[in-house]
Amino acid sequence: MRIPRAIFGHGSGRIGGVIVGVYLVLAILGLLGLTPHNPITQFRVDRLHAPGAAYWMGTDLFGRDVASRLMAGIGQSFTVAFFSVAFATLAGTVLGLAAAWLGRRWDGVVMRIMDVLLAFPAILLALLIVTVAGPGTWTSVVAIGIVYTPIFTRVVRGPALSLKAREFVDAARTFGSSSSYIVTRHLLLNLVAPLTVQVTLALAWALLTEAGLSFLGLGTQPPAASLGLMLSDSRNLMETAPWLMIFPGLTIMISILGFNLLGDALRDILDPKMRRAPA
């Protein structure tokens, strides 16, 4: 089954795929600077313009184009989300495979550390790390990556323990295959499906966490654009310029919805136990 065709044959997958695709295009355009206006340049004479022909989504307190800042903010937020999830995926996969394969003391130590990290709410743990290390984009990447590493560790460890006890692993040992070959060829390759689903869902969580950190002033720093930072800047202007809150808020909500719908579709497609008839 071809995954893209299966996704677009699935009701929620089709909607989620379109949303994520549109956001990826906007993110790339924002990162390349291909926006209607410069998202940082201030035009005081155009401050707080309502949405119209000149400025599709209006302007902010400093006369900056909201649509351009949204595109740049999507690019910034997606960059943080993708790098942080990549960090969590790599670290969680390595730790989960090591815990499952080595077992005993290593398994106990790794999983107890993961339990400690999971005991904290994600946003609070990320706030703690960023507060200690200092605010910034790459600090946010590391903080969010650490926060979501335990989830990936658990996602990998459970199935890996089950696969470790399967007959084909015993056969590989009998034929003299090395531990690294068995782990990569027989364990890791069989974990691609659950990891793919988890990555898609984690991207939605990472986007929300990044927006929360930026909203509190601990993520992306001004004058750079970020969805959470734009929401924070709109707090005192909700009555006079509601578009400053509406557009970033809808952007965050729809992006998270898109990744969740796509993740649900991938779960149904890749996991036969969860598969249901397409909507």
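The name that an unreviewed UniProt entry assigns to the chain is ABC transporter permease, with the source organism given as Mesorhizobium opportunistum. The Sequence similarities (unreviewed entry) field of the UniProt record for the chain holds the comment "Belongs to the binding-protein-dependent transport system permease family." According to its UniProt record, the chain has this under Subcellular location (unreviewed entry): "Cell membrane".

K.L.:
Even after reading the chapter, I still don't get the UniProt feature "domain: ABC transmembrane type-1" (unreviewed entry) in the chain, so can you show me in this structure?
P.N.:
Here the UniProt-annotated "domain: ABC transmembrane type-1" (unreviewed entry) positions come out as residues 74–263. Note that residues 74–263 is 81% helix and 0% strand, and that its end C-alpha atoms are spaced 20 Å apart.

K.L.:
Would you explain the UniProt feature "transmembrane region" (unreviewed entry) in the chain in this entry?
P.N.:
Mapped onto this numbering, the UniProt entry annotates "transmembrane region" (unreviewed entry) at residues 12–34, 78–101, 113–132, 138–156, 187–208 and 243–266. With 87% helix and 0% strand, residues 12–34 has end C-alpha atoms that lie 30 Å from one another. Secondary structure content for residues 243–266 is 100% helix and 0% strand, while the C-alpha to C-alpha distance between its ends is 34 Å.

K.L.:
Please explain the packing of helix α3 (residues 66–102) against helix α4 (residues 104–118) as it appears in this structure.
P.N.:
Packed helices, taken two at a time, are described by their axes: the angle between them and the distance between them. Running from amino to carboxyl end, α3 crosses α4 at an angle of 145°, the nearest separation of the two axes being 7 Å. As for how α3 packs across α4, the hand of that crossing is left-handed. Contact residues: α3 offers L95, A98, A99 and L102, while α4 offers R104, W106, D107, V110, M111 and M114. In the contact of α3 with α4, the residues fall into eight nonpolar, no polar and two charged.

K.L.:
Would you mind showing me how to read the nonpolar core here?
P.N.:
A general feature of soluble globular proteins is that nonpolar side chains tend to end up buried together. F78, L97, L187, L191 and F259 are the most contacted members of the largest nonpolar core, which has 59 residues in total. In terms of residue count, α3 provides more of this core than any other element does, eleven residues in total. Contact partners of L97, with chain neighbours within four places excluded, come to V156, A160, V183, L187, L188 and L191.

K.L.:
Teacher, can you tell me more about helix α5 (residues 122–133) here?
P.N.:
One turn of the α-helix equals 3.6 residues, which is why residues spaced by three or four share an orientation. Taking 1.5 Å as the rise per residue, α5 with twelve residues should run 16 Å; its terminal C-alpha atoms sit 17 Å apart, in good agreement. Looking at α5, one finds that the buried residues are L125, A126, L127, I129 and V130. Where α5 is buried, its residues contact α4, α6 (137–164) and α9 (192–215). Taken from the residues just after α5, G134 is the one with a positive phi, measuring 105°.

K.L.:
Can you walk me through the pattern of salt bridges in this structure?
P.N.:
When their charged atoms lie close together, side chains carrying opposite charge are able to pair. A complete count under the given rule lists seven salt bridges for this structure. The partner of R173 in a salt bridge is D170, with the nearest N and O atoms 3.7 Å apart. Note that R173 and D170 are positioned in helix α7 (residues 167–174) at a spacing of three residues, about one turn of the helix. Residue R173 is classed as partly exposed on the basis of its relative accessible area of 38%. Connected via shared salt-bridge partners are D60, R64 and R69.

What counts, and where the lines are drawn
- Residues numbered from 1 in each chain as written.
- Predicted model: local features only at pLDDT ≥ 70, side-chain atom pairs only at ≥ 80, totals over all residues.
- Heavy atoms only, no water.
- UniProt positions renumbered as here; feature names shortened; annotations may be inferred.
- Helix = DSSP H or I, 4+ residues; strand = E, 2+ residues; numbered from the N terminus.
- Axes fitted to C-alpha atoms, helices over the stretch in contact; angles between N-to-C directions.
- Left-handed = near helix turned anticlockwise from the far one by under 90°.
- Contact = heavy atoms within 4.5 Å.
- Nonpolar A, V, L, I, M, F, W, Y, C, P; charged D, E, K, R; others polar.
- Core = buried A, V, L, I, M, F, W, Y, C linked by side-chain atoms within 4.5 Å.
- Buried < 20%, exposed > 50% of the residue type's maximum accessible area, 1.4 Å probe, protein only.
- Expected span 1.5 Å × (residues − 1).
- Salt bridge = Lys/Arg side-chain N within 4 Å of Asp/Glu carboxyl O.

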